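Tertiary structure, described
Listed here are the chains, written in short residue letters.
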Amino acid sequence: MLDIKQRISEILAEIIPALDSGEIKQMLEYPPNDEMGDVALPCFKLSRILRKSPIQIAEELAGKIPADPKIAKVEAVSGYLNFFLDKEEFVRDVLSTALNKGNEYGSRDMGKGRNIVIDYSAPNIAKPFHVGHLRSTAIGNSLYRIFNFLGYNSIGINHLGDWGTQFGKLIVAYKNWGSKDSIENGGIKELMAIYVKFHEEAEKDPSLEDEARDWFVKMEQGNEEALQLWQWFKDISLKEFQKVYDLLDITFDSQAGESFYEDKMPPVIEELREKNLLTESHGAMIVDLEEYNMPPCLIIKKDGSTLYATRDITAAIYRKNTYDFDKCIYVTGAAQSLHFEQWFKVIELMGYDWHDKLVHVPFGIVSLGGEKLATRKGKVVLLEDILAEAIKKTLKIIEEKNPDMDESEREEIARQMGVGAVVFSDLSNNRIKDVSFSWDEILNFDGETGPYVQYTHARTCSLLKRAETDVDPNFDASLLTTKEEFRVIKTLYLFPDIVVSAMEDLEPSIITRYLVDLAQDFNRFYHEHSILVEDEALKNARLALVLAVKHTLANGLNLIGLSAPERV
RNA sequence: GCGUCUGUAGCUCAGUGGAUAGAGCGUUGGACUCCGACUCCAAAGGUCGCAGGUUCAAGUCCUGUCAGACGCACCA
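Residues numbered from 1 in each chain as written. Chains lettered and ligands numbered in written order. Predicted model: local features only at pLDDT ≥ 70, side-chain atom pairs only at ≥ 80, totals over all residues. Heavy atoms only, no water.

1. Points about the overall build of chain A
Under the convention used in this document: Comment: elements are numbered from the N terminus, with helices defined as DSSP H or I runs of at least four residues and strands as E runs of at least two. Exposure categories follow from relative accessible area, calculated using a 1.4 Å probe and restricted to protein chains: below 20% of the type maximum is buried, above 50% is exposed, and the middle band is partly exposed. Whether two residues touch is decided by their heavy atoms; if any such pair falls within 4.5 Å, the residues are in contact. Lys and Arg are tallied as positive, Asp and Glu as negative. Neither His nor the chain termini are counted. Just so you know, the charge point we use is NZ for Lys, CZ for Arg, CG for Asp and CD for Glu.
In terms of helices and strands, chain A carries 20 helices and 13 strands. The dimensions of chain A, computed from C-alpha atoms along their principal axes, are 85 × 65 × 40 Å. Among the 568 residues that make up chain A, the fraction classed as buried is 56%. Once local pairs closer than 6 in sequence are excluded, the contacts in chain A between residues at least 24 apart make up 74%. A gap of 2 Å separates the mean positions of the 65 positive and 93 negative side-chain charges of chain A.

2. Considerations on the packing of helix α10 (residues 224-248) against helix α14 (residues 383-401)
Short version of the rule: To get an axis, a line is fitted to the C-alpha atoms, and for a helix only the part in contact is used. The angle between two axes follows their N-to-C directions and goes from 0 to 180 degrees. Put simply, a crossing is left-handed when the front helix is turned counterclockwise from the back one by less than a right angle, and right-handed when it is turned clockwise. Residues are grouped as follows: Ala, Val, Leu, Ile, Met, Phe, Trp, Tyr, Cys and Pro are nonpolar; Asp, Glu, Lys and Arg are charged; all remaining types, including Gly, are polar.
Interhelical geometry of α10 versus α14 gives an angle of 35 degrees and a closest axis separation of 10 Å. When the axes of α10 and α14 are compared, the crossing they make is left-handed. Every residue of α14 that contacts α10 at Glu240, Lys243, Val244, Leu247 and Leu248 is listed here: Leu383, Glu384, Leu387 and Ile391. Of the residues contributing to the contact of α10 with α14, the split by class is six nonpolar, no polar and three charged.

3. Considering the state of the cysteines
What counts, and what does not: Two cysteine sulfurs form a disulfide in these notes if their separation is within 2.5 Å.
Per the counting criterion, the structure on display carries zero disulfides. A disulfide-free cysteine, Cys297 has its sulfur positioned 16 Å from the sulfur of Cys328, the nearest such atom. In this structure Cys297 comes out as buried when scored by relative accessible area, which is 3%.

4. Comments concerning the sheet that holds strand β3 (residues 80-85)
What links the strands of a sheet is backbone hydrogen bonding, and the strands pair in either a parallel or an antiparallel sense. Let me state the cut-off plainly: Pairing between two strands requires that DSSP report at least two bridges joining them.
Strand order in this open sheet of three strands is β1-β3-β2, and the pairing throughout is antiparallel. Two strands lie at the open edges of the sheet, namely β1 (39-42) and β2 (71-77), each paired on one side alone. Taking each pair of neighbouring strands and ignoring which way they run, the sheet shows an average axis angle of 15 degrees. The sheet contacts of helix α1 (residues 4-15) involve β1, β2 and β3, and relative to β3 the element is tilted by about 125 degrees.

5. Observations regarding the protein's contact with RNA strand B
Note the following rule: For this purpose, a residue is taken to be near a molecule or strand whenever a single non-hydrogen atom of the residue falls within 4 Å of it. Distance and chemistry together define a polar contact, namely a pair of N or O atoms within 3.5 Å, with one atom able to donate a hydrogen and the other to accept it when in protein, and with adjacent residues in sequence counting only for side-chain atoms on both sides.
In the neighbourhood of RNA strand B, 63 residues make up the surrounding shell, with Tyr80, Lys301, Lys401, Tyr455 and Tyr526 lying closest. Here the atoms of RNA strand B within 4 Å of the protein split so that 61% fall in sugar or phosphate, with bases taking the remainder. In the model, a sugar or linking oxygen of RNA strand B is placed 2.9 Å from a nitrogen or oxygen of the His527 side chain. At the level of elements, α3 (44-50), β3, α7 (165-177), β7 (284-287), α12 (308-323), α14, α17 (450-467) and α19 (509-528) are the ones that each hand at least two residues to the surface near RNA strand B. The biggest single contributor to the surface near RNA strand B is α17, with eight residues.

6. A closer look at the side chain of Ser47
On the secondary structure map, Ser47 appears in helix α3. Take Ser47: its relative accessible area is 19%, and that puts it in the buried class. Each residue touching Ser47, except ones within four places of it in the same chain, is listed here: Lys52, Ser53, Pro54 and Ile57.

7. Regarding the sheet that holds strand β8 (residues 297-300)
Taken in spatial order, the three strands line up as β6-β7-β8 in an open sheet, and their pairing is antiparallel. Each of the sheet's edge strands pairs with one partner strand only, and the pair in question is β6 (278-281) and β8. Put simply, the sheet's adjacent strands are angled 45 degrees from each other on average, direction ignored. As defined by bridge partners, β6 adjoins β7 across four bridges and the pair is classed as antiparallel. Residue Thr279 lies in a different strand from β7, and its bridge partner there is Ile286.

8. Regarding the domain arrangement of chain A
To keep things clear, this is the line we draw: Domain extents, as shown, originate in an automatic or database domain assignment. Defined here as a combined quantity, buried area equals the accessible surface (1.4 Å probe) lost by two parts on assembly, summed across both.
Domain parsing of chain A yields domain 1 (4-85) and domain 2 (384-428 + 437-559). Between domain 1 and domain 2, the C-alpha centre-to-centre distance is 35 Å. At the junction of the two partners, domain 1 supplies six residues and domain 2 supplies six residues. Summing both partners gives a buried area of about 460 Å² for domain 1 against domain 2, and 42% of it is carried by carbon and sulfur.

9. Quick look at the packing of aromatic side chains
Going by this rule: A pair of Phe, Tyr and Trp rings is counted when the ring centres sit within 6.5 Å of each other, with Trp represented by its six-membered ring. The angle between the planes then sorts it: under 30 degrees is stacked, over 60 is edge-to-face, the rest tilted. The criterion is that NZ of a Lys, or CZ of an Arg, lies within 6 Å of the ring centre and within 35 degrees of the ring normal, and then a charge sits over that ring.
This structure, assessed with the given rule, holds 29 aromatic pairs. With a centroid separation of 6.1 Å and an interplanar angle of 75 degrees, the aromatic rings of Tyr174 and Phe233 are classed as edge-to-face. Of this pair, Tyr174 sits in helix α7 while Phe233 sits in helix α10, placing them 59 residues apart in sequence. Across the pair, Phe233 and Tyr174 agree in class, each one buried. Arranged with centres 4.8 Å apart and planes meeting at 80 degrees, the rings of Trp343 and Phe344 form a pair that is edge-to-face. Overall, Trp343 belongs to the buried group, its relative accessible area being 0%. Using a relative accessible area of 14% as the deciding quantity, one classes Phe344 as buried. Joined through ring pairs, the aromatic side chains of Tyr120, Phe129, Phe241, Tyr245 and Phe252 make up one cluster. In this arrangement the basic side chain of Lys73 is found over the ring face of Phe84, its NZ or CZ atom lying 4.5 Å from the centre. Taking NZ or CZ as reference, Lys275 lies 4.8 Å from the ring centre of Tyr352, over its face.

10. Focus on α1
The criterion, for reference: By this rule the span expected of a helix is its residue count minus one, scaled by 1.5 Å.
The terminal C-alpha atoms of α1 lie 17 Å apart, and with 12 residues this matches the ideal 16 Å at 1.5 Å per residue to within 8%. All of the buried residues in α1 are Ile4, Lys5, Ile8, Ser9, Ile11, Leu12, Ala13 and Ile15. For α1, the side-chain oxygen to backbone nitrogen distance between the N-cap and Lys5 is 3.2 Å, and the N-cap itself is Asp3.

11. Describing the pattern of salt bridges
Where side chains of opposite charge bring their charged atoms close, a pairing between them can arise. We count it as follows: We define a salt bridge as a side-chain nitrogen of Lys or Arg found within 4 Å of a carboxyl oxygen belonging to Asp or Glu.
The tally for this structure, following the rule as stated, stands at 36 salt bridges. With a shortest N-O distance of 3.5 Å, Glu184 and Lys180 are connected by a salt bridge. Of this pair, Glu184 and Lys180 both sit in helix α8 (residues 180-204), four residues apart, roughly one helical turn. A salt bridge links Glu201 to Lys204, with the nearest nitrogen and oxygen atoms 3.5 Å apart. Here Glu201 and its partner Lys204 are both found in helix α8, three residues apart, which amounts to about one turn of the helix. A cluster of three or more residues bridged by salt bridges with shared partners is formed by Asp34, Asp38, Arg487 and Lys490.

Laid out in structure tokens, this is it:
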């Protein structure tokens, strides 16, 4: 597919000797509305270089543009040089590219041979999987798919929170208030209950905290009783997490959690010592970061046990050796920004030149009725419950609208759309924004939602099915002349660049919002014009457009982790 | 106190330094004998937190300020 800005910048470079085509391409933009043209060059910056008024420059340039089959006309309007594309050429080019590439439309091989490690989801063992974890999971999964689509080799890691002092707390809680039966029956909810109980009791009796720390020290020393309990808690949790991942249709390449690095930390600590980075402070071992304006990075606590920074540093070195990553991406809450800044700096101080390949991708916090989610206080909404509600609601709608659909299909589609609604909503806003969880909002299927885009996709499928004939790839592009059709095609043209932007900004919401735009453009066209018309040539041309939209919606939905069912 | 992030329509949010700041929800009024109405059209609704500055041009960049969120040593 022709790169329109590239082509125009090359043409302009011929008649503006002062600039090369790369510089000119940077200056080109898409005008705010179709009446102004398809690509524009604002001439204000040229004014200084050429020592003429922008208006004069635009007019002179307009007169010098050579005839080009891709460009229908050029206009100078108050300092802007506006290019109008030859519609027929453009329509043919965009649609045949989208049709040829099909479910590959928008993909590239720009990342060929490069590994991208993405660390996401990472729920804590023995704690419930709640709305907060959804963000990391959904964003990470989407980035995983986006990088793969662009030819990179994504490696998804679920860095499970399966090690640390909270297990000491859990062991103490279990010994005091738990029982084998209640945990077996209650699962994570029961584990959470005794964890909450621990914090309530610890407020009255702070010695419980010390007891918990002791148990974690025992774990690190290989105490059998402690490790058995730990393994048990872990098994129960993993089983429940898997249910959520199955619903979300998410898999990982590795589930090596924090405990995996337990035996890999001592050499790293030794390395830090050898490189003279460790200092003792208040009985703990730290890396001093004062000259970088940061608080120290704690490596070993005064009781000899390790911290998450120790594990993160160890894991990064391990991953570099194992995967030789081009980037190692951490999808976690913005609250942890300082932590990542600190240990990224430690990696740099250790002399590793790949420190700049470590990337923190932060996201805003999820609050609940103005308060933040807190496992320790039991103030959470379980993701499992949200997904179940969304699926239930979808099922009800399908039963009303599509009563003839058979039960197994109905249930599968309800899952795809219910889950889709929740994930889509999570990926709608810029990830850095805080979100306030609301049942009403997450279960609202009207407007800019996952169901809206999925419905539009199903609508394209329905049209293609009703046509009862395959789209002839030799469609007549000259028949697609309405402004609604051209609008859709311009939006289709943007898709490959949209995917790259989402990758560069590590921002899945760019794709989410694009899908809404495309669906809106398509629905407007659909409403204005009949597609299954008598005229075979016109019908075929419009169906080509429908098919291109179908591919693009499906590809985009896939990139944000949603299914694109053919019927809904 | 220091640091980071956020502040745009009643609400939730878009907006690569460029032309008249855009969507959805909600409100009001329309469009189904018609390809799937989970759709579409229209109206109303804005001192882009505030004040300076840079620029031919600022919602966008800089400085200050206010408000909110988050973080700042043995939790992750």
